[in-house]
Amino acid sequence: MGSRLKRGTSPRNRNEALESVLSKYLEAIYCRPDSIAYLSDLPKSFDAMGLSENLLKGIREYGFVEPFLIQRRGIVPFCAGENLILESTSPSGKTVTSCLGILQRVDGALVQCQALVLVPDVANGKKIAELIRRLGVHLGIEVHEFTRETVDDEDREVLFHVALATPDLGSRLFRERSISCDSIKMILVSKGETTIVQYVYEVLDIFKLFPSDVQVCCSILNPIRALTLKPPLLLLDI
Ligand SMILES: Nc1ncnc2c1ncn2[C@@H]1O[C@H](COP(=O)(O)OP(=O)(O)OP(=O)(O)O)[C@@H](O)[C@H]1O
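Quick caveat, the model's predicted, so the values are computed rather than measured.

**Student:** Break down the overall build of the protein for me, citing the residues and quoting the values.
**Tutor:** In terms of regular secondary structure, the protein is built from nine helices and seven strands. Total accessible area on the protein stands at roughly 11,500 Å², and carbon and sulfur atoms take up 51% of it.

Rendered as structure tokens:
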């Protein structure tokens, strides 16, 4: 793992430091560039993606008829455990891509936190939590948003498969063992907005708590793409 960034350095130096950390970190994650499918090979419908019947039912009830292009490109590799960076103009279906991937990969019978969704703010977390709940309505998958600075009894009692938190709060919850990392097999990084460098910094702190084979899906592409010297992850650029 690369060296840590120093807080308080100037933005230019911070960007350079971030570039060095990210390129080292991302190189440590496997890459399957050969799995990028050409447009003609892409599934044309949600039904052709190998998703479970109960998930397909949730997709239909939500009102989605056909997948957007980024979903045609991204959902199958996500379900195969690939690391993904989703890049596109907004809004184009990135969040739905990763939420469907999470819902397909989470094992509903194992009531432990299996997916972590990092969000830039509480409002974004609520939106994504609601999306996962609605799409996964027939899967019995529990979603919990951590929004408080300290975990209270309500948080301790609840059992969930998917956790959402801002990275700074998430980091503290893991270090305090309020959430266990043990069963988490995927991390979704929802895109940040204005505080992007700080957000990426905080996301990297979380990554360091996990083994390098945890699946990562990011939709915060601009900084990562610019900073990644070699694209080591499957890059979905629509
Ligand atoms: N296949 C689909 N069919 C119809 N509507 C869809 C489909 N996929 C996503 N949408 C809708 O399009 C909008 C954008 O989707 P989503 O939030 O996944 O995009 P995004 O690229 O993550 O957007 P942003 O970058 O603004 O967060 C949402 O209202 C979502 O419900």
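**Student:** Could you give an account of the packing of aromatic side chains, naming the residues involved and the relevant values?
**Tutor:** Ring pairs (aromatic) are described by centroid distance and by the angle formed between their planes. Across all of its chains, the model carries three aromatic pairs by this definition. Ring geometry for Phe146 against Phe160: centres 5.6 Å apart, planes inclined by 75°, an arrangement best described as edge-to-face. In this pair, Phe146 is assigned in the loop between strand 3 (143-145) and helix 6 (153-157) and Phe160 in the loop between helix 6 and strand 4 (162-165), connecting sequence segments 14 residues apart.

**Student:** Explain the UniProt feature "short sequence motif: Q motif" (unreviewed entry) in the protein to me, and be specific about the residues and the numbers.
**Tutor:** In this numbering, the UniProt entry assigns the feature "short sequence motif: Q motif" (unreviewed entry) to residues 44-72. Helix makes up 48% of residues 44-72 and strand 0%. Its end C-alpha atoms lie 7 Å apart.

**Student:** Can you explain the pairing of strand 5 (residues 186-189)? Please cite residues and give values.
**Tutor:** In strand 5, alternate side chains face the same way, and those of Met186 and Leu188 on one face and Ile187 and Val189 on the other are all buried. Relative to strand 5, strand 2 (residues 115-118) runs parallel, the two being bridged by four bridges. Note that in strand 5 the partner of Leu118 across the bridge is Val189. Where strand 5 lies against strand 6 (residues 215-218), four bridges are found, and the strand directions are parallel.

**Student:** I'd like a description of the environment of Ala165, backed by residues and values.
**Tutor:** Mapped onto the secondary structure, Ala165 falls in strand 4. On a C-alpha basis, the gap between Ala165 and Val119 in space is 6.0 Å, while along the polypeptide they are 46 residues apart. Ala165 has contacts with Val117, Leu118, Val119, Phe146 and Gly170, leaving out every residue within four places of it along the chain.

**Student:** Quick one: what's the story with the nonpolar core, residue by residue and with numbers?
**Tutor:** The biggest cluster of nonpolar side chains holds 32 residues, and the ones touching the most others in it are Ile59, Leu100, Ile102, Val117, Ile132, Val162 and Leu164. Those elements that place two or more of their residues in this core are helix 2 (53-62), helix 3 (69-79), strand 1 (84-87), helix 4 (94-105), strand 2, helix 5 (122-135), strand 4 and strand 5. Judged by nonpolar contacts, the second largest core, of 26 residues, contains Leu118, Phe174, Ile179 and Leu204.

**Student:** Residue-level account of the packing of helix 2 against helix 5, with values.
**Tutor:** In contact at an axis separation of 8 Å, helix 2 and helix 5 are set at 115° when each is read in the N-to-C sense. Judged by residue contacts, Leu55, Gly58, Ile59 and Tyr62 of helix 2 engage Leu131, Arg134 and Leu135 from helix 5.

**Student:** I'd like a rundown of helix 7 (residues 167-175), residues and numbers included.
**Tutor:** Those residues of helix 7 that fall on the buried side of the exposure criterion are Pro167, Leu169, Gly170, Ser171, Leu173 and Phe174. Following helix 7 by one or two positions, Arg177 adopts a phi angle in the positive range, close to 65°.

**Student:** Now, about the packing of helix 4 against helix 5: what can you tell me, with residues and values included?
**Tutor:** Relative orientation of the contacting elements helix 4 and helix 5 amounts to 50°, with a least axis distance of 10 Å. Comparing their axes, helix 5 and helix 4 come out oblique. Like other packed secondary-structure pairs, helix 4 and helix 5 cross with a definite hand, here right-handed. Taken together, the residues of helix 5 that come into contact with helix 4 (itself represented by Thr95, Val96, Cys99, Leu100 and Leu103) are Ile128, Leu131, Ile132 and Leu135. Its residues placed into classes, the contact of helix 4 with helix 5 shows eight nonpolar, one polar and no charged.

Analysis parameters
Numbers given to residues run from 1 along each chain, matching the order in which its sequence is written. The predicted nature of this model means local features are confined to residues of pLDDT at least 70 and side-chain atom pairs, given and counted, to a pLDDT of 80 or more, with totals for whole chains, interfaces and linings taken over all residues. Note: side-chain values were computed over all heavy atoms of the structure, leaving out hydrogens and water. Only runs of H or I of at least four residues qualify as helices and only runs of E of at least two qualify as strands under DSSP, and these elements are numbered from the N terminus. Surface accessibility in these figures is a Shrake-Rupley result with a 1.4 Å probe; residues are shielded only by whichever protein chains are displayed. The aromatic pairing rule takes the rings of Phe, Tyr and Trp, using the six-membered ring of Trp, and pairs them if the centres are within 6.5 Å, calling planes under 30 degrees apart stacked, those over 60 edge-to-face and the rest tilted. UniProt positions are given in the numbering used here, feature names are shortened, and annotations may be inferred rather than shown by experiment. Only protein chains enter the area calculation, which uses a 1.4 Å probe; residues under 20% of their type maximum are buried, those over 50% are exposed, and those in between are partly exposed. Paired strands, in this sense, are two strands between which DSSP finds at least two bridges. Pairs of residues are marked as contacts when any of their non-hydrogen atoms sit within 4.5 Å. Here the nonpolar core consists of buried residues drawn from Ala, Val, Leu, Ile, Met, Phe, Trp, Tyr and Cys, with membership extended through side-chain atoms lying within 4.5 Å. For helices, the fitted axis covers only the stretch in contact; all axes are lines through C-alpha atoms, and the angles between them, taken along N-to-C directions, range from 0 to 180 degrees. Roughly parallel here means an angle under 35 degrees, roughly antiparallel means over 145, roughly perpendicular means 65 to 115, and every remaining angle is called oblique. In a left-handed crossing the near helix is turned counterclockwise from the far helix by less than a right angle, and in a right-handed crossing that turn is clockwise. Any residue that is not Ala, Val, Leu, Ile, Met, Phe, Trp, Tyr, Cys, Pro, Asp, Glu, Lys or Arg is counted as polar, Gly included; the first ten are nonpolar and the last four charged.

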